[in-house]
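# Fold and contact review
Now for the letters of each chain:
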Amino acid sequence: MMILVILCGLAPVLSITRQNKEPEREVPTTSQSSNPARLPTSLRPLHYTLRLQPFINGNFSIHGAIDIRLEVLEPSDKIILNMADIITKNESVKVVAEDTLGEQVKLLNQTFDPLLQLYTAYLEKSLLPTTTYKFHMEFQGYLNDKLVGFYRSEYTDAQGNNRWLAASQFSPGDARRAFPSFDEPSFKATFDIHLARQNNMTALSNMPLIVSKPIDGVDGWVWDTFNTTMTMSTYLVGFLISDFSYLESSELNNTLFKVWTRKDAVSQAAYARDTAPAILTFLENYFNIPFPLPKLDMSSVPDFKFNGMENWGLILFRETALLYDSKLSSVSSKQTLGNVLAHEIAHQWFGNLVTPAWWSDLWLKEGFATFMGYISLNVVEPTWGVMEQFLISNLHKALELDSLKTSHPINVVVNHPDEIPQIFDVISYSKGASIIRMMQHFLSENTFRKGVTNYLNSFQYSNAEQDDLWLHMTQAAHQDDSLPQTLTVKAIMDSWTLQAGYPLISLTRNGTTATVTQNVFYLEEGRQLKNISPRWWVPISYTTQNKLDFQNTQPKFWMAPDNQSLQITGLPDLSQWIILNIQESGFYRVNYDKVTWQLLNNQLATDHKIIHLVNRAQILDDVFNLATAGVVDYGTALATSVYLQREEDFVPWKVALTSFTYLMNMFERTAGYGALRKYIRTLLTPLYDSVGFADHADDSHLTLNKRVLALHFACRLGHQPCVTNATQLFIKWMNSPLNESVVSANVQSTVLCTGISKGGEDEWNSGWARYTRSNVASEKKILLYAMGCSKEMWILARYLQMAFTSKSGVRKQDSSLVFTAVASNTVGRDLAWNYLQDQWSNILQYLGPGSSHLSKIIKSVSLGFNTRLQLQQLEKFKVDNAGQLGSATRALDQSLETAKLNVLWMDKNYKIILEWLKEKGFDHTL
């Protein structure tokens, strides 16, 4: 066993491992994937012993040593590992047979391919399946500032002192930046982890600490040794070395919960501490599978790539996703916290216990974690209405993206590590969750639960593919008669996971019968074509005006892929409406004939509450997207929105305002914007008046959500009472002490954005001063966005520069937030686009080519592009940066398609909408 000691004066590691030429001899090939970026399957790791000594308060170097116990599945004369940003000590590498003789296998050479991130040790003779071997290597790494691998983070404490810490982010493929490994999810193993730290810091890992021992001859340093982990994938290994403190929950079902954070923010960890045990207990009972670890640590990290990361037993979060201050955090930030917390805890089963065999099945863990997160949060916080809000957060977002030709299947081929970050998107998460929700509805809750539990039990501590899940769901469905014996879940769900897109179900009535057809839905007008692939197994549920039933969401019949049309009989006559897709349980859109659209509009105008609030939201979302695609006329869509003056529920209003936002983005720089703004403002005013500007002690969670929504849009649309209230309150806020807030957290975003947009440098500086002093991450996030509301070009230009400059005060994790804030500002959009074109190479280098922020930046700045000039510029940007787009490659293609659609949309719909508005008394001319 090698003990690492401190080497003083070591320079920061800026390069990767040295490269040698391959040996000049013919090397027999081992069995391996045809994909050169994938590891061969001839060897399998059984156990890792890992020792890391990061110099957090020094030069950020890492001294490391790894021992990997190897099982040989096929004879192999080389050992291939994943590795990146590591310098190997080649002379330390040893391969020893674990038999009675302990024979050492001689190495001929060692090579490294930086593009494929593969290290290879060539051996004098083949490793044999009859023996296990131990691979040993010592190496040197570096605590980077890219938020991947084993990286460093900095914060300032209440006394103004800078504090450093080290955290891990290994998903999807960055464990290789911390230690050489079989860094693919199918190569599961156990881990013994040893971390060296200074006495004033604490080390955390996946398992409990079992012993701490001083490092001989090195004052102030100790080795922490942790218990052996469960069998797991490398991306789930987790480390945190910090000076944090914690709140502890009482032990529940033999699991100890601790929430760690900066000492100055410990009080903000109470909600997570109290809520996490309830979520975990619900999921244990739901699956009837106990959480297998003795502890669950959760910690915030000041700089973090994702909202959360599900490392088994050590979940790491952004501060905004774990910390909550009852006075300074908004209701939306609390709900986001709850969603992220539930999502990451659900991963302890979906992803950790059962892991996708390869990233092509990413959705299998992310879709399930998303859906089960909502299920569990709904139980823990039953008054929040989160299952209804699933439409807003997931279903409608997935429908929007999946209506583009540049979308991708849920199950997508991934060839190279650089392609993996691009599928961490709405399709994998939200569409994945939406089709799981659809499956739960068409199978029934009991069958769904049985099938999922059987799947988890069958593949625990192992890997699975989607076909494994389909098999267990089919067995449960046939046992419960939830599906015909001749139909399998695989047949149904493959039609949803192996092809992009979704169907448009159209209903045409004739007396008491109706014809239902399915065709693929695209946003591009003219592509709603018949007799073309793809097609789906579609569960059709419906209710009628004379037999209301909005609760039974199981399908009344199925449309098979080879059924372009079916007949429904026994319907009411044409004086009564019919609604398909009850509670929008299916992942598809619905179009009705003109008679039925008119009947639905009449019902909404007279008594909208007869229709379930989810189906009201569905009707709004469907009709506006159908109008965008040219399937229905905008007169029908806008007529549907008229009833909103009487709508009181949050979800339909949120959906409506999302649809209106698209129109606003298209109109914002045109002469007709004033007329559109007046119309939307007229609809919104009754809601604004009903919720008022100030919070009340007895407001429900949903009332607070409604107020946030109403105020945001009322002030954006220039509703004078809102603007006046916000401006006056901002002046009070600006003149209040920095450690006080006279503005409710729920209206703070509206007040600050309005006040800063109406002011100049002093107003912006007041926001920055508050940002630098705030100890609450959710408040800091609001402030960062609000400062992008300024109308001063030079301030916005400076702000953009700060977003991509180290030590500017803007954290790297917030770069895309600042950029999006400026790009969303009418004044700042062109500025942000010019900055992006001019500084793309610097942005790419600053964030790293695999950063998920790159996609957000591209999409935010191009969201409102609707002119031919803007489209040409976007096309030129793609050409100019070919091969240098990193993880934004797919996002740019989607933005290009959207911009093309926007240009065509303006040509066809702009004047039509103006005419409709004029007919309703909202003329844009003087």
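These numbers were taken from a predicted model, which means no experiment stands behind them. Residue positions are given per chain, counted from 1 along the sequence in the order it is written. Only residues with pLDDT of at least 70 get local features here, since the model is predicted, and only at 80 or more are side-chain atom pairs given and counted; chain-wide, interface and lining totals rely on the full set of residues. Hydrogens are left out, water is left out, and the side-chain values use all remaining heavy atoms of the structure.

### Things to note about the overall build of the protein chain
Selection rule: What counts as a helix is a DSSP run of H or I of at least four residues, what counts as a strand is a run of E of at least two, and both are numbered from the N terminus. For every residue, the accessible area (1.4 Å probe, protein chains only) is compared with the maximum for its type, and the residue is labelled buried under 20%, exposed over 50%, or partly exposed between those bounds. In this analysis, two residues are considered to be in contact whenever any of their non-hydrogen atoms come within 4.5 Å of each other. Reported accessibility uses the Shrake-Rupley method at a 1.4 Å probe radius. Residues are deemed covered only where the shown protein chains occlude them. Within this scheme the basic residues Lys and Arg register as positive and the acidic residues Asp and Glu register as negative, but His and the chain ends are omitted. Just so you know, the charge point we use is NZ for Lys, CZ for Arg, CG for Asp and CD for Glu.
Per the secondary structure count, the protein chain includes 24 helices and 30 strands. Taking the principal axes of the C-alpha coordinates as reference, the protein chain spans close to 90 × 70 × 55 Å. Relative to its 926 residues, the protein chain shows a buried fraction of 62%. Within the protein chain, residue pairs in contact and separated by at least 24 positions form 72% of the contacts whose partners lie at least 6 positions apart. Total accessible area on the protein chain is roughly 34,200 Å²; 50% of this is exposed by carbon and sulfur atoms. Mean positive and mean negative side-chain charge positions of the protein chain (80 and 89 charges, respectively) differ by 4 Å.

### Let's talk about the nonpolar core
The line we're drawing: Each nonpolar core is a collection of buried residues, namely Ala, Val, Leu, Ile, Met, Phe, Trp, Tyr and Cys, held together in the definition by side-chain atoms within 4.5 Å.
If you look at the biggest cluster of nonpolar residues, it comprises 304 residues, and the most contacted ones within it are Phe135, Phe179, Trp349 and Met372. Ranked by residues supplied to this core, first place goes to helix H24 (residues 889-919) with 12 residues. Once residues lying within four places of it in the same chain are set aside, the contact partners of Phe135 are Ile66, Asp67, Ile68, Leu70, Ile79, Leu81, Val93, Lys94, Val95, Tyr119 and Ala121.

### Remarks on the side chain of Asn35
Inspection of the secondary structure assignment puts Asn35 in the segment before strand E1 (43-54). Taking relative accessible area as the criterion, Asn35 reaches 14% and is therefore assigned buried. Each residue touching Asn35, except ones within four places of it in the same chain, is listed here: Val414 and Asn415.

### Digging into the state of the cysteines
Definition in use: By definition, disulfides here are pairs of cysteine sulfur atoms that lie within 2.5 Å.
Summed over the entire model, instances satisfying the criterion amount to two disulfides. The disulfide bridge from Cys715 ends at Cys722, spanning 2.1 Å between sulfur atoms. The S-S bond linking Cys715 to Cys722 shows a torsion near -105°; that makes this disulfide left-handed. An identical accessibility class is assigned to Cys715 and Cys722; each is buried. Across a sulfur-sulfur distance of 2.1 Å, Cys753 and Cys789 are joined as a disulfide pair.

### Focus on the environment of Met372
Among the secondary structure elements, Met372 is positioned in helix H3 (residues 362-380). As a C-alpha pair, Met372 and Val822 span 450 residues in sequence and 35 Å in three-dimensional space. Every residue in contact with Met372, bar those within four places of it in the chain, is listed here: Leu283, Tyr286, Phe287, Ala346, Phe350 and Phe448.

### Here's the deal with the confidence of the model for the protein chain
Rules: Each residue gets a pLDDT score, which is the predictor's confidence in that residue and runs from 0 to 100.
Here the protein chain shows a mean pLDDT of 93. Residues at 70 or above account for 95%. Across residues 1-32, where pLDDT falls below 50, the model places 84 contacts with residues more than four positions away in sequence or in other chains.

### Observations concerning the environment of Ala745
Position of Ala745 among the secondary structure elements: in the loop between helix H15 (720-735) and helix H16 (748-758). What makes Ala745 buried here is its relative accessible area of 8%. Every residue in contact with Ala745, bar those within four places of it in the chain, is listed here: Lys327, Leu328, Ser329, Ser330 and Ile782.

### Structural notes on the packing of aromatic side chains
Worth spelling out the cut-off: Two rings from Phe, Tyr or Trp (for Trp, the six-membered ring) form a pair when their centres are within 6.5 Å of each other. A pair whose planes differ by under 30 degrees is stacked, one over 60 is edge-to-face, and the rest are tilted.
Overall, the coordinates contain 55 aromatic pairs when judged by the stated rule. Ring centres 4.3 Å apart and planes at 0° place the aromatic pair Phe350 and Phe368 in the stacked group. With Phe350 in the loop between helix H2 (331-346) and strand E21 (354-356) and Phe368 in helix H3, this residue pair connects regions lying 18 residues apart in the sequence. Grouping residues by exposure puts Phe350 and Phe368 together as buried. On the basis of an interplanar angle of 70° and a centroid distance of 6.4 Å, the ring pair of Phe667 and Trp905 is categorised as edge-to-face.

### Regarding the sheet that holds strand E6 (residues 107-113)
Inclusion rule: Pairing between strands requires that DSSP locate at least two bridges from one strand to the other. To get an axis, a line is fitted to the C-alpha atoms, and for a helix only the part in contact is used. The angle between two axes follows their N-to-C directions and goes from 0 to 180 degrees.
Read from one edge of the open sheet, three strands run E3-E7-E6, paired in antiparallel fashion. Since the sheet does not close on itself, it has two edges, and those belong to strand E3 (76-82) and E6, each with one partner. Neighbour-to-neighbour, the strand axes of the sheet open up by a mean angle of 20°, direction not taken into account. In terms of strand pairing, E3 meets strand E7 (residues 118-127) through six bridges, oriented antiparallel. Of the residues in E7, the one forming a bridge with Ile79 is Ala121.

### Section: the pattern of salt bridges
Put simply, the rule reads: What counts as a salt bridge is simple: a side-chain nitrogen of Lys or Arg found within 4 Å of a carboxyl oxygen of Asp or Glu.
Throughout the structure, instances matching the rule amount to 38 salt bridges. A salt bridge links Arg51 to Asp67, with the shortest nitrogen-to-oxygen separation between them at 3.6 Å. Here Arg51, found in strand E1, pairs with Asp67, found in strand E2 (residues 61-72); they are 16 residues apart in sequence, far enough to count as distant. Just as Arg51 is buried, Asp67 falls in that class too. Here Glu668 ties to Arg716 by a salt bridge, and the two come within 4.0 Å at their closest N and O atoms. In this pair, Glu668 sits in the loop between helix H12 (650-667) and helix H13 (673-691) while Arg716 sits in helix H14 (residues 701-716), placing the two residues 48 residues apart along the sequence. With relative accessibility at 17%, the residue Glu668 sits in the buried group.

### Quick word on the layout of surface pockets
Worth spelling out the cut-off: In this analysis, the protein atoms alone were mapped onto a 1 Å grid. Cavities are point sets where a 1.4 Å probe fits without being able to get out; pockets are open sets with protein on both sides within 12 Å along at least five of seven lines; lining residues have an atom within 4 Å of a point. Grid points are joined across faces, edges and corners, and a volume is the space filled by probe spheres set on the points.
A volume near 1,200 Å³ is recorded for the second largest pocket. Looking at the second largest pocket, it is lined by 44 residues, and the ones nearest its centre are Asp85, Gln117, Arg177, Pro849 and Gly850.

### A look at helix H18 (residues 777-786)
Counting buried positions along H18 yields seven of 10 residues, so the element is predominantly enclosed. Among the residues making up H18, those that are buried are Ala777, Ser778, Glu779, Ile782, Leu783, Leu784 and Ala786. The secondary structure elements touched by the buried residues of H18 are H2, H15, H16, helix H17 (761-773), helix H19 (793-803) and helix H20 (815-823).

### A closer look at the sheet that holds strand E23 (residues 503-510)
Strand order in the open sheet formed by four strands is E28-E24-E23-E30, and the pairing between neighbours is mixed. The sheet is open, and its two borders are formed by strand E28 (565-568) and strand E30 (589-592), each paired with just one other strand. Recorded for the sheet is a direction-independent mean angle of 25° between the axes of neighbouring strands. Bridging between strand E24 (residues 513-520) and E28 involves four bridges; their strand directions are antiparallel. Along E28, the bridge assignment pairs Thr517 with Ser565. Against the sheet, helix H9 (residues 594-607) contacts E23 and E30, and its axis sits at roughly 105° relative to E30.

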